[in-house]
Amino acid sequence: MAKVLVVTSGKGGVGKTTSTAALGAALAQRGQNVVVVDFDVGLRNLDLVMGAERRVVFDLINVVQGVAKLPQALIRDKRLENLWLLPASQTRDKDALTDEGVGRVIDELRSRFDWILCDSPAGIERGATLAMRYCDEAVIVTNPEVSSVRDSDRIIGMLDSKTVRAERGERVEKHILITRYDPARAARGEMLNIDDILEILATPLLGIIPESQDVLKASNVGSPVTLNNADSAPARAYVDASRRLMGEEVAMVVPAERKGFMDRLLGRRAA
Amino acid sequence: MSMRLLRLFSGREATAPVARERLQILLAHERGLLGQSDLLVTLREEILAVVSKHIQLDPDKVMVKLERGKSVSTLEVDIEVPNNFDKKASGERRMAG
């Protein structure tokens, strides 16, 4: 059974696109057929993070409007043959998406893939509500920071009221993914800790992604962090999260950077 | 206690507890507000339905506001009706009778 999962947050810049790419690649590496769909019409970036920006011909809007067929718009990943991208349009705006059109595309994707990961735009407007509209599950990306937690709370309220599942009286399975976490700062009481965030949002935890330079390095070269440096702390955290999505029990730990000898000698900071 | 000791030695202030408390208060308030706006939408629709049975109304001219005060709150319902609404209604009644 195909699963539609929205990666959302309300707030911008918390790591939705990074997380969509990293989780999509991690699921594909476990043999799942995965498509990542960019819903950020007008400000697409998933193509760039996936390293497919020069291969975009048709996009989600073209498929919604019937200008192109779905297989024409799907881009296969260069590294993993069972990972695909459906890009957003860069020239149109979000009004070009219709509820009914998105529903049709999602239905067609359901017949072809095991996982459909919808990368939501920031905000609570049309693009964000359509990205979550047909989801079965939701990953709410949250930074340990007051404005991000507040926006996540708002998004949780919308997932519980504005999705097709909610309207049918069914449940959307929701998960919190904490990104840019710095265990040392949390221990010093300078950053909201995991328990505080989970208590406030009253939603189960999918994973903790530590703050790391490897995330920027991966996006610089257009590769999901799980593929670019599989040994890095964020990559291991994303892989753990993807295993939890598949129903495996994985102990919740914050992977630490593996420091080299020179790093230790020079006392370099991890983050 | 351990946090205080840590603070003493590090000279840094633990600001996370403040963040947590502010969030808890704010979200309790905001969740209430969202629920309230649903209540106002329902009230508005039902008031509109009842009044519309007797008077022809422009749905956009029906305002329902709730203002929270310290000891009492007020529910304000403001309905704009056309000047000749009663004539029309009595005219219809005559025709029906």
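It should be noted that the structure appears before, not after, this text.
A quick note: this is a predicted structure, and the numbers were derived from the prediction, not measured. (Residues numbered from 1 in each chain as written. Chains lettered and ligands numbered in written order. Predicted model: local features only at pLDDT ≥ 70, side-chain atom pairs only at ≥ 80, totals over all residues. Heavy atoms only, no water.)

Novice: Describe unusual backbone geometry, listing the residues and the values that go with them.
Specialist: Among all residues except glycine, the phi angle is most often negative; among peptide bonds, the trans geometry is most common. All names here are of chain A. Even without glycine at this site, Arg-180 takes up a positive phi of about 60°. Tracing the backbone through its elements, the reader meets Arg-180 in strand β7 (residues 173-181). Judged by relative accessible area, which is 42%, Arg-180 ranks as partly exposed. Residue Ala-202 is not a glycine yet carries a positive backbone phi of 50°. Tracing the backbone shows Ala-202 in the loop between α10 (194-201) and β8 (205-210). (Helix = DSSP H or I, 4+ residues; strand = E, 2+ residues; numbered from the N terminus. Buried < 20%, exposed > 50% of the residue type's maximum accessible area, 1.4 Å probe, protein only.)

Novice: Describe in detail the side chain of Thr-226 of chain A, supporting the description with residues and values.
Specialist: All names here are of chain A. By the element assignment, Thr-226 lies in helix α12 (residues 225-228). Among the polar contacts listed, one links the side chain of Thr-226 to the backbone oxygen of Ala-22, at a separation of 3.0 Å. Sequence-distant contacts of Thr-226, that is, excluding residues within four places in its chain, are made with Ala-22, Ala-25, Ala-26, Gln-29, Ala-235, Tyr-238 and Val-239. (Polar contact = N/O pair within 3.5 Å; in protein donor to acceptor, adjacent residues only side chain to side chain. Contact = heavy atoms within 4.5 Å.)

Novice: Residue-level account of the pattern of salt bridges, with values.
Specialist: Between side chains of opposite charge, a pair can form when the charged atoms approach closely. Residue and element names in this part refer to chain A. Per the counting criterion, the structure on display carries 23 salt bridges over all chains. The salt bridge involving Arg-44 is made with Asp-47; its shortest N-O contact spans 3.0 Å. Looking at Asp-47, the relative accessible area reads 6%, which means it is buried. A salt bridge links Glu-167 to Arg-133; its shortest N-O distance comes to 3.0 Å. Taken as a pair, Glu-167 in helix α8 (residues 164-167) and Arg-133 in helix α6 (residues 126-133) lie far apart in primary sequence, 34 residues in all. (Salt bridge = Lys/Arg side-chain N within 4 Å of Asp/Glu carboxyl O.)

Novice: How would you explain the interface of chain A and chain B if you had to name every residue and give the values?
Specialist: Listed as interface residues are 14 residues of chain A and, on the opposing side, 17 residues of chain B. Each partner contributes to the roughly 1400 Å² buried at the junction of chain A and chain B, and carbon and sulfur atoms together form 57% of this total. Connecting chain A to chain B are 4 salt bridges. Contributions of two or more residues to the side of chain A that touches chain B are made by α7 (146-159) and α10 of chain A. (Buried area = accessible area lost by both parts, 1.4 Å probe.)

Novice: Go over the pairing of strand β5 (residues 115-119) of chain A with me, naming the residues and quoting the values.
Specialist: All names here are of chain A. The buried count for β5 comes to 5 of 5 residues, which makes it a mostly enclosed element. Residue alternation in β5 divides its side chains into two sets, Trp-115, Leu-117 and Asp-119 and Ile-116 and Cys-118, and both sets are buried. Judged from the 5 bridges that link them, strand β1 (residues 3-8) and β5 form a sheet pairing that is parallel. Directly across from Leu-5, in β5, lies its bridge partner Leu-117. Sheet topology places strand β2 (residues 34-38) next to β5; 5 bridges connect them, and they run parallel. Each bridged residue has a counterpart across the sheet, and for Asp-38 the counterpart in β5 is Asp-119. (Pairing = 2+ DSSP bridges.)

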